[in-house]
Amino acid sequence: MVPLRKYYYTDLLRIGVPIMLGQLSTIVMGLADTLMVGHYGTNELAAAGFVNNIVALLIVGGMGFSYGITPVVGSLLGEGRVHDIAAGLKNGLFACLGVGLLLMLLAGLLYVFLPGLGQPVELLPLMRPYLLVLMLSLLPQMVFNAYKQFSDGVQDTAMPMWIMLLSNVLNILGNWLLIFGHLGFPEMGLFGAGISTLVSRVVQLVLMAGVFHLTRRYEPYRQDFPRASVTMKGQKELHRLGWPVALQLGMEAASFSFSAIYVGWLGATALAAHQVMIVIGQLFFMLYYGMSAAVAVQVSYYRGADEPEQMQKVAVAGLHLCWMIAFVLSVPLMLMRDEVGLLFTPSGDVASLVALLTVPFLLYQVGDALQCTYANALRGMARVKPMIWIAFVAYIVISLPLGYIFGFICGWGLVGVWMAFPFGLTSAGLLYYKEFRR
């Protein structure tokens, strides 16, 4: 076997660090909402927690669908077919537009059936308008995803990063103005956080589209864009690659999002603590996924260049980097577990529950890094169909039932619900690894 060399790591870091920072900015948007809403009121924090967990399921699923664009573009780049990349983007934009409309429809159905999900009655007046405005933000987010995945596929990961960072600055400013009513703006509370999120997502789409269509940065690809066609073949290829990844990520997100329904049965305090840990968990996950997305970019490139041995080495190097990230983040979290909750809310009860949840949270980090790396390696190989049954077994068959068993039948409460996640994520990681090695 060829030993791992320095350039495997340096190439992954070159591509992956901007993706990580861009992914981190997405989580900073949720983190800013949670921090600022949490200091506005505990009920608002609990309401945001439930809605954000459910909407995150739709966003992650949509993001997963858009990931099908990356192996298409990356493989074309590896084959040297630069003039065909514009067609890949145009087909991606059309497909993501349709999926965005579908996500809005699903969010609308959730809005209608929200009262029947058994959540605290006093939170419904806060949940419903917040959910409505987040529903409107799904379409611009999906179209932006298409541009971003094209950019990642051509290994230009820096531009989307800067745009996403700018979008987050805008979101934080909007939160400050609209949640609390500063500088003459109306005090809108949780609804103001939703408005800020919507505006920032529209702005990031406008900026990304403007960079592609109006600047010289993407001129080698833009010059073929007017002549490129949306074809049935192109749509079939994207849907073939996109839906398995969407389902895989969607089922993973469902193991967390549907657990919010369990947690809601335990009351507003448990729901608030759950939301705090979800935001921290998304931070860890997005960093792993940002680095492992670089694995998908490199694997797809080497697939186009027909270099399978390089694909194997890239995956191993990516796993090493993800485990390093897990270690660097886990140590300070463990040491500061008693103080973390107080960053989000002044409630001592919520902070105490957050400290208890740190143990099951840290238990699943090795498995989470493993499943992120090899799921993306499979995506880069365009070998995505096995990811569906693996995700179903790990997250639906294993994780969700165990959450109910540990939380309610064993009587472990909120900690029990979270103890299911190490089993689901580690199972997924081992199965993805086995499939990739095949």
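Residues numbered from 1 in each chain as written. Predicted model: local features only at pLDDT ≥ 70, side-chain atom pairs only at ≥ 80, totals over all residues. Heavy atoms only, no water.

A. Representation of the overall build of the protein. Broken down by element type, the protein carries 17 helices and zero strands. Against the compact-globule benchmark of 22 Å for 438 residues, the protein has a radius of gyration of 21 Å, which places it among compact chains. For the protein, the C-alpha atoms occupy an extent of roughly 60 × 50 × 35 Å along the three principal directions. Within the protein, contacts between residues separated by at least 24 positions form 84% of all contacts whose residues are at least 6 apart in sequence. Total accessible area computed for the protein in this model is approximately 16,700 Å², and 70% of it derives from carbon and sulfur atoms. Within the protein, one finds 24 positive and 21 negative side-chain charges whose respective centroids are separated by 10 Å. (Helix = DSSP H or I, 4+ residues; strand = E, 2+ residues; numbered from the N terminus. Rg over C-alpha atoms; globule rule 2.2 N^0.38 Å. Contact = heavy atoms within 4.5 Å. Areas by Shrake-Rupley, 256 points an atom, 1.4 Å probe, with all protein chains shown as cover. Lys, Arg positive; Asp, Glu negative; His and termini not counted. Charge placed at Lys NZ, Arg CZ, Asp CG, Glu CD.)

B. Just the packing of aromatic side chains, in detail. If you walk through the whole model with that rule in mind, you get 24 aromatic pairs. Put simply, the rings of Y147, F150, F212, Y218, Y221 and F225 pair up and form one aromatic cluster. Its end group placed over the ring of F225, K90 keeps NZ or CZ at 4.6 Å from the ring centre. (Phe/Tyr/Trp six-rings, centres within 6.5 Å; stacked < 30°, edge-to-face > 60°. Lys NZ or Arg CZ within 6 Å of the ring centre and 35° of its normal.)

C. Structural detail: the nonpolar core. By size, the foremost hydrophobic cluster in this structure holds 144 residues, and its most contacted members are Y147, F150, I280, W418 and Y432. Here the element with the most residues in this core is helix α11 (residues 268-304); it accounts for 23 residues. Leave out the neighbours within four places in its chain, and Y147 touches L89, L93, L205, M208, A209, F212 and H213. (Core = buried A, V, L, I, M, F, W, Y, C linked by side-chain atoms within 4.5 Å. Buried < 20%, exposed > 50% of the residue type's maximum accessible area, 1.4 Å probe, protein only.)

D. The packing of helix α4 (residues 85-113) against helix α9 (residues 232-257), seen in detail. Remark: α4 packs on α9, axes separated minimally by 9 Å, with the N-to-C direction vectors making an angle of 60°. Between α4 and α9, the crossing angle belongs to the class labelled oblique. Where α4 crosses over α9, the handedness of that crossing is right-handed. Residues G88, N91, G92, F94, A95, V99 and L102 of α4 pack against G234, Q235, L238, H239 and W243 of α9. (Axes fitted to C-alpha atoms, helices over the stretch in contact; angles between N-to-C directions. Parallel < 35°, antiparallel > 145°, perpendicular 65-115°, else oblique. Left-handed = near helix turned anticlockwise from the far one by under 90°.)

E. Region of the structure containing the environment of A46. Along the polypeptide, A46 turns up in helix α2 (residues 42-66). As a C-alpha pair, A46 and A315 span 269 residues in sequence and 39 Å in three-dimensional space. The residues contacting A46, other than those within four sequence positions of it, are L123, A268, L271 and A272.

F. Spatial organisation of the pattern of salt bridges. Summed over the entire model, instances satisfying the criterion amount to five salt bridges. Residue E237 is joined to R240 by a salt bridge in which the shortest nitrogen-to-oxygen separation is 3.1 Å. Of this pair, E237 and R240 both sit in helix α9, separated by three residues, roughly a single helical turn. Residue class for E237 comes out partly exposed when judged on its relative accessible area of 32%. (Salt bridge = Lys/Arg side-chain N within 4 Å of Asp/Glu carboxyl O.)

G. A look at the side chain of Q141. Along the chain, Q141 turns up in helix α5 (residues 124-153). Among the polar contacts listed, one links the side chain of Q141 to the side chain of Q204, at a separation of 3.1 Å. Beyond its immediate chain neighbours, meaning those up to four positions away, Q141 contacts R201 and Q204. (Polar contact = N/O pair within 3.5 Å; in protein donor to acceptor, adjacent residues only side chain to side chain.)

H. Broad picture of the confidence of the model for the protein. When pLDDT is averaged along the protein, the result is 85, and 97% of the positions lie at 70 or above. The least confident element of the protein, judged by mean pLDDT, is helix α1 (residues 6-38) at 76; the most confident is helix α17 (residues 413-437) at 92. (pLDDT = per-residue confidence, 0-100.)

I. Examining the environment of N168 more closely. Here N168 shows up in helix α6 (residues 158-180). Residue classification places N168 among the buried residues on the basis of a relative accessible area of 5%. For the pair N168 and E187, spaced 19 residues apart in sequence, the C-alpha separation works out to 20 Å.

J. Representation of the side chain of S259 in the model. Topologically, S259 is positioned in helix α10 (residues 259-264). Not counting residues within four places of it along the chain, the set of residues in contact with S259 comprises A254, H274, L400, V417 and F421.

K. Fine view of the packing of α5 against helix α7 (residues 189-214). Where α5 contacts α7, the two axes come as close as 8 Å, and the packing angle between them is 15°. Classified by the interaxial angle, the pair formed by α5 and α7 is roughly parallel. You can see that α5 and α7 cross each other, and the crossing is left-handed. Taken together, the residues of the contact of α5 with α7 break down into 21 nonpolar, seven polar and one charged. (Nonpolar A, V, L, I, M, F, W, Y, C, P; charged D, E, K, R; others polar.)

L. Quick look at the environment of L93. With respect to the element layout, L93 can be found in helix α4. The exposure class assigned to L93 is buried, which follows from its relative accessible area of 14%. Spatially, the C-alpha atoms of L93 and V230 are 9.3 Å apart, while their sequence positions differ by 137 residues. Non-local contacts of L93, meaning those with residues more than four positions away in its chain, are made with V143, A146, Y147 and F225.

M. A look at a nonpolar patch on the surface. There is a patch of nonpolar side chains on the surface, built from L102, L105, L106, L109, V112, F113 and W243 and spanning about 640 Å² of accessible area. With respect to the secondary-structure elements, L102 resides in helix α4. (Patch = residues over 30% accessible without salt bridge, like charges linked within 9 Å, V, L, I, M, F, W, Y side chains within 5 Å.)

N. Quick look at unusual backbone geometry. Unlike most non-glycine residues, Q155 shows phi in positive territory, near 65°. Along the polypeptide, Q155 turns up in the loop between α5 and α6.

O. Summary view of the state of the cysteines. Enumeration according to the criterion identifies zero disulfides in this entry. Unpaired in this structure, C322 has its nearest cysteine sulfur neighbour in C372, at a distance of 6.6 Å. The exposure class of C322 is buried, given its relative accessible area of 0%. (Disulfide = S-S within 2.5 Å.)

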